[in-house]
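Results of the structural survey
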Amino acid sequence: MDTTALRGAYDRLLEVAAGPDLGDAEDVDDGGWNADQILAHVLSVDAGTAAAALAVVAGSRPAFDNRVSLDPWNLGRIIAEHSGRADLMSHVRNQATVLCDIADQLNEEAAAVLVPTFLQSNGALVLDQPIPLAALINGLATDHVPGHTQQLLDLRVAAPDRPG
């Protein structure tokens, strides 16, 4: 697989995450995620995707279910395991590199293996069917990571002390 677009998506996400005015963990009052929760979610999804890819290579037939990456308790646990946003961002960068390195080594047969996939977003079912492993990974580049990059940008725009 070619992970050029995925690597670029992570670079942009982390560039935005390193920017000013994203607020502190307590700054989101509307029920949405703060920057740390977004990064923890991305980290969880990446680990699950990498695990699915490695399981396919090992000959297993894994499933991918993103509900654990949406669970507030799990996001809090991931955040608590890091010493701050910079540490969390470093882990996201390292995990993204691992995922991309795994994907770079997938042959066509492994990339084509159908992975039963269950995806939710904002409480709504997005997908509940087998998809090729390549589609799961490429979806991170085309939808998932850019979507969370936009969430981070929206946090910056919404910062109350930002000059207008």
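That block above? That's the structure.
Residues numbered from 1 in each chain as written. Predicted model: local features only at pLDDT ≥ 70, side-chain atom pairs only at ≥ 80, totals over all residues. Heavy atoms only, no water.

1. So, the sheet that holds strand β3 (residues 124–132)
The strand order β1-β2-β3 describes an open sheet built from three strands, whose pairing is mixed. This sheet does not close on itself; its edge strands, each paired only once, are β1 (64–65) and β3. Pairing geometry for strand β2 (residues 114–121) and β3, over eight bridges, is antiparallel. Its bridge partner lying in β3, leucine 119 is registered against leucine 127. (Pairing = 2+ DSSP bridges. Helix = DSSP H or I, 4+ residues; strand = E, 2+ residues; numbered from the N terminus.)

2. So, the packing of aromatic side chains
Per the counting criterion, the structure on display carries zero aromatic pairs. If you follow arginine 67 out to its NZ or CZ, it ends over the ring of phenylalanine 118, 4.0 Å from the centre. (Phe/Tyr/Trp six-rings, centres within 6.5 Å; stacked < 30°, edge-to-face > 60°. Lys NZ or Arg CZ within 6 Å of the ring centre and 35° of its normal.)

3. Section: the packing of helix α1 (residues 4–17) against helix α4 (residues 85–104)
Direction vectors running N to C along α1 and α4 enclose 175 degrees, while the axes themselves pass 10 Å from each other. For the element pair α1 / α4, the angle class is roughly antiparallel. Counting all contacts with α1, which are made through Leu6, Arg7, Tyr10, Asp11, Leu13, Leu14 and Ala17, the residues of α4 involved are Arg85, Met89, Val92, Arg93, Ala96, Thr97, Leu99, Cys100, Asp101 and Asp104. (Axes fitted to C-alpha atoms, helices over the stretch in contact; angles between N-to-C directions. Parallel < 35°, antiparallel > 145°, perpendicular 65-115°, else oblique. Contact = heavy atoms within 4.5 Å.)

4. Things to note about the pattern of salt bridges
By the definition in use, this model includes seven salt bridges. Of the charged contacts in the structure, one is a salt bridge between aspartate 104 and arginine 7, with a shortest N-O distance of 2.7 Å. Of this pair, aspartate 104 sits in helix α4 while arginine 7 sits in helix α1, and the two are 97 residues apart along the sequence. Aspartate 104 sits in the partly exposed class, given a relative accessible area of 35%. Of the charged contacts in the structure, one is a salt bridge between aspartate 65 and arginine 67, with a shortest N-O distance of 2.5 Å. What makes arginine 67 partly exposed here is its relative accessible area of 40%. Salt bridges linked by common partners bring Arg7, Asp101 and Asp104 together as one network. (Salt bridge = Lys/Arg side-chain N within 4 Å of Asp/Glu carboxyl O. Buried < 20%, exposed > 50% of the residue type's maximum accessible area, 1.4 Å probe, protein only.)

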